[in-house]
Amino acid sequence: MYTVTKYVCRFHSVRRFHSNDTAQLKKSIFLPITNFKSRLNADQTIQRDSHIFKILKDITIRSKLVNGKKINYIPGWDCHGLPIELKAEKIHGNKWKNFGPLEVRKSARKYASKEIEKQKTVFKSWGILADWENNCYFTYDKNYVKNQIQQFFKLYKKGLIYRDLKTVYWSPSSKSALAEAELEYNPNHQSKSVTVKLELCPSTLSVDLSNHNSEPIYALIWTTTPWTLPGNIAVVYSPNLLYSFVKIQDTLGVYLLATDLVDNLSTKIEKTIEIITSVKGQHLSGLKYKSLRDGESDKQFLEGDHVTIDKGTGLVHTAPAYGHEDFLIALKHKVPIECHVDEHGIFMPQTWSELVGLPVLDIGNETVCSLLSDKILHTEIYEHSYPYDWRTKLPVIVRASKQWFLDTAAIKNQSIECLKDIKIYPELSGSRNALLTLIEKRPYWCISRQRSWGVPIPVLYDESDNTIIDEKLLDQYYALLEKTGQDFWWIHDVQRLVSNTSHSSERLNKGLDILDIWFDSGVSWSCVLGDDKIADLYMEGVDQCTGWFQASLMSSIALRNVSPFKSLFVHGFVVDKNGRKMSKSIGNVIDPQDIVNGNYDKSINGIDILRWWVAKHGSHQTNIPVTKETLSDSKQSVDKLRLIIRFLLGSLNNVKDNNFKHGINHLRYLDKYMMLELKSFENETNKLYNTFQYNKVCAKLLHFVTNQVSGLYVHHIKDRLYCDPLESDERLACTATLQAILETLLKHIAPILPHLAEEAFSYYPLRRNTTFFKTSIINLNQIVIPDSEQVIPIMENALMIKNKVSNLLQGKNSLEQSLVIALPDETFNLLKILHPINNTRKSDLIELFQVSSIDLILNDTIDIKTRDTEGILCKRCRKWSAEKEDDLCKRCEEIVNIFYSK
């Protein structure tokens with residue numbers, strides 16, 4: 001996530017996996033997966049984080065495909081919301097302020113459509129598997145809009161959606177309400193904070209201050225939002241705290257504040273404070289104070305449980321229209337709630353005359369402080385965490401307004417219980433606790449927004465502001481939607497909207513709010529999966545613990561009492577090598593297309609490198625570094641895989657269709673061991689894919705290729721491969737094993753590097769002219785390895801002795817050496833199976849040890865002796881097995897004669 005991100009098109013991809021066996025459809029996997037917020041960032045940071053992590057979703061889908069699942073994958077875009085409006089506004093410049101809702105919607109739709117085509121092009125070039133032309137969904141489509149309105153009405157009928165006056169986070173810069181998920185907290189926000197004197201009404205005091213009758217008595221309140229002071233209606237205290245009346249050095253009057261905060265105030269104002277007397281908070285009940293402005297009625301002290309002593313004075317300034325706790329206090333005590341700040345964050349005419357027309361967050365705030373200067377004891381700059389609009393990156397306020405809400409309290413417990421049964425990956429990421437905490441603390445979900453680009457809330461209002469919505473009206477809306485398109489709500493007046501219904505258009509007004517984008521995307525399961533299916537997996541970035549994950553879970557619980565997903569995969573964000581978010585202002589932005597095209601580094605290019613980097617780093621880290629070092633490491637890894645694949649393809653260039661079946665029935669011990677290792681690799685890698693541990697898949701692939709394939713098998717079978725007759729049992733056993741290695745490696749490489757897998761398959765003689773993903777490959781589970789129980793102990797003992805031989809022959813050409821190996825009884829018997837006859841120059845043990853000859857003898861301990869071999873070197877196979885100088889050995893001579901006879 002980056003510093004200046006303008007969220008435009010969020011990409012969703014919905015995948016359905018089916019078993020190849022149609023009788024097993026009930027066990028099919030339905031997998032909606034969203035890309036981590038496919039955002040068009042204003043500063044073009046790593047050209048959309050989300051695009052990068054689209055690759056993670058593709059790895060998931062391809063890993064299912066290579067394991068025999070049929071897939072119905074429906075990509076889709078959530079295209080509504082303010083960021084598209086802001087992008088469209090930037091295009092039109094000054095003309096935008098004269099645009100009405102229809103022009104705004106037309107421009108936003110045009111921009112979104114253009115952006116979708118750009119993203120499609122990128123996704124195709126990255127090998128993202130989908131039917132991009134005929135099988136996508138868009139949230140501005142008629143069908144999606146209709147479905148969303150239907151879900152809204154279902155919730156309304158169930159009593160889970162309602163309209164009410166409440167305090168909500170409000171963005172003056174966006175002129176709309178915001179949900180918690182649409183906030184970013186700036187930990188270094190600086191507020192002008194004031195400690196304000198409120199003069200108490202002496203007649204309401206229950207404390208004896210007779211020695212100070214001639215002095216005014218004040219209560220001290222502290223606020224970081226002075227602009228809210230004109231809305232003050234009460235002071236809230238805690239009955240459980242101790243409060244003190246104090247005298248402040250060189251200051252007229254007596255002051256009331258929490259006893260525990262006296263020292264804090266003394267330090268802050270740099271004055272000595274003397275406590276006169278102290279009382280329990282409960283004795284403040286009934287206390288009143290004079291209004292901040294002359295002519296207004298006295299205000300009261302109210303009891304509350306949200307008062308703390310971590311800062312301030314222990315007496316809380318309460319303005320119900322501008323604070324969440326304040327609002328609840330007003331409801332509890334039936335205090336009228338009046339908001340005198342408009343949707344632009346401007347003071348309205350109902351407030352103090354000097355403030356009308358001033359923005360509350362700057363000059364309005366200063367003006368309030370100026371007007372109350374004689375009542376302000378202390379002013380300070382207070383640095384703290386403060387909510388910002390995640391799109392405009394500007395501060396928000398809390399403001400009371402009539403909004404639509406989803407009743408989260410009614411579904412909270414069930415949501416929490418469902419979440420406890422959900423599998424969350426990575427397993428130790430902490431995402432489960434984060435989600436549980438967020439849901440537990442969520443007070444309500446505001447689902448209305450005051451914008452034009454979105455799905456309308458299909459409600460009419462009568463002259464008393466009562467809501468009008470029913471099925472007949474909705475049927476009329478659906479007809480207009482089908483006939484005139486998605487802008488029907490803005491095209492038609494109320495008279496047209498209510499035609500063909502029993503309602504009269506007189507004294508009715510249509511609502512102008514749209515549905516929150518989280519509701520927009522949260523009900524995607526109902527559009528794509530339908531009402532009767534549950535997804536196996538939802539995949540998104542960690543920020544969606546506050547957004548899409550919650551919205552999807554709670555909307556599904558509310559509508560059908562079940563979670564929409566069985567498991568979650570939560571990935572992280574891209575950062576630079578110093579762990580910093582990417583930002584144009586910092587200069588650390590990287591466009592992934594530059595990586596692909598080599599513009600970032602000429603030595604690092606190609607989609608394979610980008611996809612490997614995503615798999616290696618994107619599935620297990622919260623902060624995912626993209627640096628030249630990590631990309632260079634990815635290039636080296638891909639090059640290693642290409643090298644071994646090139647060797648395997650070259651070795652299999654002349655194999656025939658029937659060779660595998662013959663070869664697999666003539667396996668030597670090294671071949672058998674390799675096949676067992678291959679089976680183990682297959683099982684372990686499948687488990688890693690199934691638990692989305694793609695970083696470990698990458699590590700497993702490289703380790704297996706480097707050690708088992710290249711270091712063990714390929715190194716030791718070259719004599720058979722290069723020098724034995726093409727159709728010999730020994731060579732066919734070797735090529736059968738290589739064929740199994742190649743197809744198994746490609747199977748597990750293909751989800752991460754499909755381009756490489758397809759390229760390799762195009763050169764594979766047995767599978768040429770077909771795609772890897774539509775071809776049946778060797779099924780290791782169907783291959784029975786003879787004597788498999790004893791292969792492992794035999795080969796492990798042989799490899800243990802080989803390690804000793806290698807250390808002994810260090811610096812020598814092992815093919816020029818003969819060995820005499822003395823072994824204890826058990827090891828001797830095992831190795832004798834690999835080398836049944838001494839004085840021979842051909843056996844499984846000689847192939848493994850890469851020496852000229854071996855003599856095995858019994859002994860109490862292991863003892864190895866070496867000597868230079870005797871014999872004549874064959875210039876073809878480089879073994880000391882020729883009978884005459886300058887002649888070939890018998891094996892090589894026969895092969896050469898056969899070649900020339902042709």
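Below you will find a few notes about this structure.

The rules behind each value
- Residues numbered from 1 in each chain as written.
- Predicted model: local features only at pLDDT ≥ 70, side-chain atom pairs only at ≥ 80, totals over all residues.
- Heavy atoms only, no water.
- Helix = DSSP H or I, 4+ residues; strand = E, 2+ residues; numbered from the N terminus.
- Rg over C-alpha atoms; globule rule 2.2 N^0.38 Å.
- Buried < 20%, exposed > 50% of the residue type's maximum accessible area, 1.4 Å probe, protein only.
- Contact = heavy atoms within 4.5 Å.
- Areas by Shrake-Rupley, 256 points an atom, 1.4 Å probe, with all protein chains shown as cover.
- Lys, Arg positive; Asp, Glu negative; His and termini not counted.
- Charge placed at Lys NZ, Arg CZ, Asp CG, Glu CD.
- Salt bridge = Lys/Arg side-chain N within 4 Å of Asp/Glu carboxyl O.
- Axes fitted to C-alpha atoms, helices over the stretch in contact; angles between N-to-C directions.
- Parallel < 35°, antiparallel > 145°, perpendicular 65-115°, else oblique.
- Nonpolar A, V, L, I, M, F, W, Y, C, P; charged D, E, K, R; others polar.
- Polar contact = N/O pair within 3.5 Å; in protein donor to acceptor, adjacent residues only side chain to side chain.
- Phe/Tyr/Trp six-rings, centres within 6.5 Å; stacked < 30°, edge-to-face > 60°.
- Lys NZ or Arg CZ within 6 Å of the ring centre and 35° of its normal.
- Pairing = 2+ DSSP bridges.
- Patch = residues over 30% accessible without salt bridge, like charges linked within 9 Å, V, L, I, M, F, W, Y side chains within 5 Å.
- Disulfide = S-S within 2.5 Å.

Considerations on the overall build of the chain
Counting its secondary structure elements, the chain contains 28 helices and 31 strands. Against the compact-globule benchmark of 29 Å for 902 residues, the chain has a radius of gyration of 38 Å, which places it well outside the compact range. Its C-alpha atoms give the chain principal-axis dimensions of roughly 125 × 75 × 45 Å. Looking at the chain as a whole, 58% of its 902 residues are labelled buried. Here the analysis covers contacts within the chain between residues at least 6 apart in sequence; of these, 75% occur between residues at least 24 apart. Only carbon and sulfur atoms are counted for the fraction: they give 48% of the accessible area of the chain, which is about 38800 Å². On the chain, the mean spot of the 112 positive side-chain charges and the mean spot of the 106 negative ones are 5 Å from each other.

Here we look at unusual backbone geometry
Cis peptide bonds are those with omega within 30 degrees of zero, and the linkage from tyrosine 425 to proline 426 qualifies with -10°. Here the phi dihedral of arginine 507 falls at roughly 60°; this positive angle occurs in a residue that is not glycine. With respect to the element layout, arginine 507 can be found in the loop between α12 (494-498) and β23 (509-510). The class for arginine 507 is exposed, based on a relative accessible area of 63%.

A word on the pattern of salt bridges
Taken as a whole, this structure holds 40 salt bridges when the rule is applied. Here aspartate 633 ties to lysine 616 by a salt bridge, and the two come within 3.4 Å at their closest N and O atoms. With aspartate 633 in helix α18 (residues 628-651) and lysine 616 in helix α17 (residues 607-617), this residue pair connects regions lying 17 residues apart in the sequence. Overall, aspartate 633 belongs to the partly exposed group, its relative accessible area being 30%. Through salt bridges with shared partners, a single network forms among Asp719, Asp724, Lys879 and Arg891.

Thoughts on the packing of helix α25 (residues 788-808) against helix α26 (residues 825-834)
In contact at an axis separation of 9 Å, α25 and α26 are set at 100° when each is read in the N-to-C sense. Classified by the angle their axes make, α25 and α26 are roughly perpendicular. Here Gln790, Pro793, Ile794, Met795, Asn797, Ala798 and Ile801 of α25 lie close against α26, whose contacting residues are Thr827, Leu830, Leu831, Ile833 and Leu834. A class-by-class count of the residues in the contact of α25 with α26 yields 9 nonpolar, 3 polar and no charged.

Things to note about the side chain of aspartate 513
Secondary-structure assignment places aspartate 513 in the loop between β23 and β24 (514-515). A distance of 3.3 Å separates polar atoms of two side chains, one belonging to aspartate 513 and the other to glutamine 450. Leave out the neighbours within four places in its chain, and aspartate 513 touches Trp404, Ser448, Arg449, Gln450, Pro456 and Ile457.

A word on the packing of helix α20 (residues 669-690) against helix α23 (residues 729-749)
Contact geometry of α20 with α23 gives a least axis separation of 10 Å together with a crossing angle of 10°. For the element pair α20 / α23, the angle class is roughly parallel. Mapping the contact onto sequence places Asp671, Met674, Met675, Leu678, Phe681, Glu682, Thr685, Asn686 and Tyr689 in α20 and Ala733, Cys734, Thr737, Ala740, Ile741, Thr744, Leu745, Lys747 and His748 in α23. In the contact of α20 with α23, the residues fall into 10 nonpolar, 5 polar and 3 charged.

A look at the packing of aromatic side chains
Applying the stated criterion across every chain yields a total of 34 aromatic pairs. For the pair tryptophan 96 and phenylalanine 99, a centre-to-centre distance of 5.3 Å together with 45° between the ring planes defines the contact as tilted. You can call phenylalanine 99 partly exposed: its relative accessible area is 22%. Ring centres of tyrosine 689 and tyrosine 694 lie 5.8 Å apart, and the angle between their planes is 55°; this geometry places the pair in the tilted category. By the burial criterion, tyrosine 689 is buried, and tyrosine 694 matches it. An aromatic cluster of three or more residues is present, and its members are Trp77, Phe123, Trp132, Phe138, Tyr140 and Trp453. Just above the ring of phenylalanine 773 sits the side chain of arginine 62; from NZ or CZ to the centre is 4.6 Å. If you follow lysine 197 out to its NZ or CZ, it ends over the ring of tyrosine 218, 5.0 Å from the centre.

Section: the pairing of strand β7 (residues 183-199)
When β7 meets strand β16 (residues 376-389), the two strands line up antiparallel, connected through 12 bridges. Across the sheet, lysine 192 pairs through a bridge with isoleucine 381, a residue of β16.

Brief notes about the sheet that holds strand β6 (residues 176-178)
Taken in spatial order, the 4 strands line up as β6-β5-β17-β19 in an open sheet, and their pairing is antiparallel. Each end of this open sheet is capped by a strand with a single partner; those strands are β6 and β19 (445-446). Relative to β19, strand β17 (residues 397-406) runs antiparallel, the two sharing 2 bridges. Among the inter-strand pairings, phenylalanine 405 is bridged to a residue of β19, identified as cysteine 446.

Some words on helix α2 (residues 82-92)
Listed as buried for α2 are Leu82, Pro83, Ile84, Glu85, Lys87 and Ala88. Looking at the packing, one finds that the buried side of α2 touches α3 (101-125). At the exit of α2 stands glycine 93, carrying a positive phi of roughly 65°.

A look at the pairing of strand β10 (residues 242-248)
Burial analysis of β10 places 6 of its 7 residues in the buried class, which makes it a mostly covered element. Judged from the 7 bridges that link them, β10 and strand β12 (residues 273-280) form a sheet pairing that is antiparallel. Within β12, the position partnered with serine 244 by the bridge is serine 278. In this structure, β10 lies alongside strand β11 (residues 254-258), joined through 5 bridges in antiparallel fashion. From the neighbouring strand, phenylalanine 245 faces β11, where its bridge partner is leucine 256.

Section: a negative patch on the surface
A surface patch of negative charge is lined by Glu885, Asp887, Glu893 and Glu894. Relative to the elements of secondary structure, aspartate 887 occurs in the loop between β31 (863-868) and α28 (890-901).

Focus: the environment of isoleucine 468
Position of isoleucine 468 relative to the elements: it lies in strand β22 (residues 467-468). The exposure class assigned to isoleucine 468 is buried, which follows from its relative accessible area of 17%. Setting aside its immediate chain neighbours within four residues, isoleucine 468 contacts Val459, Leu460, Asp462, Leu473, His503 and Leu508.

Details of the state of the cysteines
Applying the stated rule across the entire model yields 0 disulfides. Looking at cysteine 734, it has no disulfide partner, and the nearest cysteine sulfur is the one in cysteine 723, 11 Å off. In this structure cysteine 734 comes out as buried when scored by relative accessible area, which is 0%. As a non-bridged cysteine, cysteine 889 has cysteine 892 as the owner of its nearest cysteine sulfur, 3.5 Å distant. Residue class for cysteine 889 comes out buried when judged on its relative accessible area of 5%.

It is worth stressing that arrangement in space is one thing and function is another; only the former is reported here.
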